[in-house]
Amino acid sequence: QRLKTSWPLTMIKSATISKASTARKFVRCMSTVDWSKPVFSSSPKAAAHYNAIKSWVSMAEAEAETYSKPPGPIDFASAKSSVRDKELVDILEKFYSSNTPAAETHEWDDEDKAQTENHLAFLRDQSEFNEEALPVLKNELEFWKMARTTKETTYLDMACNHPHIHEEVEDELEARDWFKDTPYDKTKAD
């Protein structure tokens, strides 16, 4: 049988306040992100990436809650009564009481931090650009919905809605390029 503890023995004494507080700060920072912004759903790849981050943040919040309190003391007496090898439990108890591992501290690598900051700055710029472009694109979409070519569309409607096509047609008529862009075009080399 195994000893019943909430954490592995090697991690019990190595858990430090700095590691836990760093994780909590990061999760708090990520949980304040407004995930409904258009930048997070701009493309399927971006949406998949940010959904993965969002699920990781949720999981990290749950883990932070689970391990926010230090673990309770290990009851070696009950372990001795339920384990056949009492000597093993004694060895583990001595190891536990004499073991004082160095505190683990985690620092964010400067290169990784700079890369993340650049990535976030790019996303902020992209978000600002999207917010500026969105009304313009909505207006253009409405225009193109109104300017759809149907059976009732006249040549004048086409000329007004598509001036570049009108100009090209007029230039072809003036230059007498009757068969341009057809299999009968004589200007193309055989």
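This write-up is about the structure you can find in this document.

## Brief notes about the overall build of the protein
The secondary structure content of the protein amounts to eight helices and zero strands. Counting from the amino terminus, helix and strand elements in the protein follow one another as α-α-α-α-α-α-α-α. The burial tally for the protein puts 14% of its 190 residues in the buried class. Here the contacts in the protein between residues at least 6 apart in sequence split such that 52% fall between residues at least 24 apart. Of the roughly 15,700 Å² of accessible surface on the protein, a fraction of 58% belongs to carbon and sulfur atoms.

## Observations concerning the environment of S82
Looking at the secondary structure, you find S82 in helix α4 (residues 76-82). Exposure remark for S82: the relative accessible area of 42% places this residue in the partly exposed category. Polar contacts involving the side chain of S82 include one to the main-chain carbonyl oxygen of S78, which spans 3.1 Å.

## Overview of a nonpolar patch on the surface
On the surface, Y155, I165, V169, L173, W178, F179 and Y184 cluster together into a nonpolar patch covering about 760 Å² of accessible area. Top element by residues in the nonpolar patch is helix α8 (residues 163-174). It accounts for three residues. Tracing the backbone shows F179 in the segment after α8. Look at F179 and you get partly exposed, because its relative accessible area is 48%.

## Examining helix α6 (residues 110-146)
With 37 residues, α6 should cover 54 Å at 1.5 Å per step; its first-to-last C-alpha distance of 53 Å lies within 8% of that length. Remark: the principal bend of α6, roughly 35 degrees, maps to A133, with a proline, P135, within the next four residues. Those residues of α6 that fall on the buried side of the exposure criterion are L123, S127 and A133. Turning to α6, the residues buried within the fold contact α3 (44-66).

## Focus on the packing of aromatic side chains
Considering all chains together, one arrives at two aromatic pairs under this definition. When the ring of F143 is compared with that of W144, the centres are 5.0 Å apart and the planes differ by 70 degrees; the resulting orientation is edge-to-face. A residue is classified by how much of its surface remains accessible, and W144, at 35% relative accessible area, is partly exposed.

Criteria and thresholds
Residues numbered from 1 in each chain as written. Predicted model: local features only at pLDDT ≥ 70, side-chain atom pairs only at ≥ 80, totals over all residues. Heavy atoms only, no water. Helix = DSSP H or I, 4+ residues; strand = E, 2+ residues; numbered from the N terminus. Buried < 20%, exposed > 50% of the residue type's maximum accessible area, 1.4 Å probe, protein only. Contact = heavy atoms within 4.5 Å. Areas by Shrake-Rupley, 256 points an atom, 1.4 Å probe, with all protein chains shown as cover. Polar contact = N/O pair within 3.5 Å; in protein donor to acceptor, adjacent residues only side chain to side chain. Patch = residues over 30% accessible without salt bridge, like charges linked within 9 Å, V, L, I, M, F, W, Y side chains within 5 Å. Salt bridge = Lys/Arg side-chain N within 4 Å of Asp/Glu carboxyl O. Expected span 1.5 Å × (residues − 1). Bend = angle between axes of the 7 residues up to and from the residue. Phe/Tyr/Trp six-rings, centres within 6.5 Å; stacked < 30°, edge-to-face > 60°.

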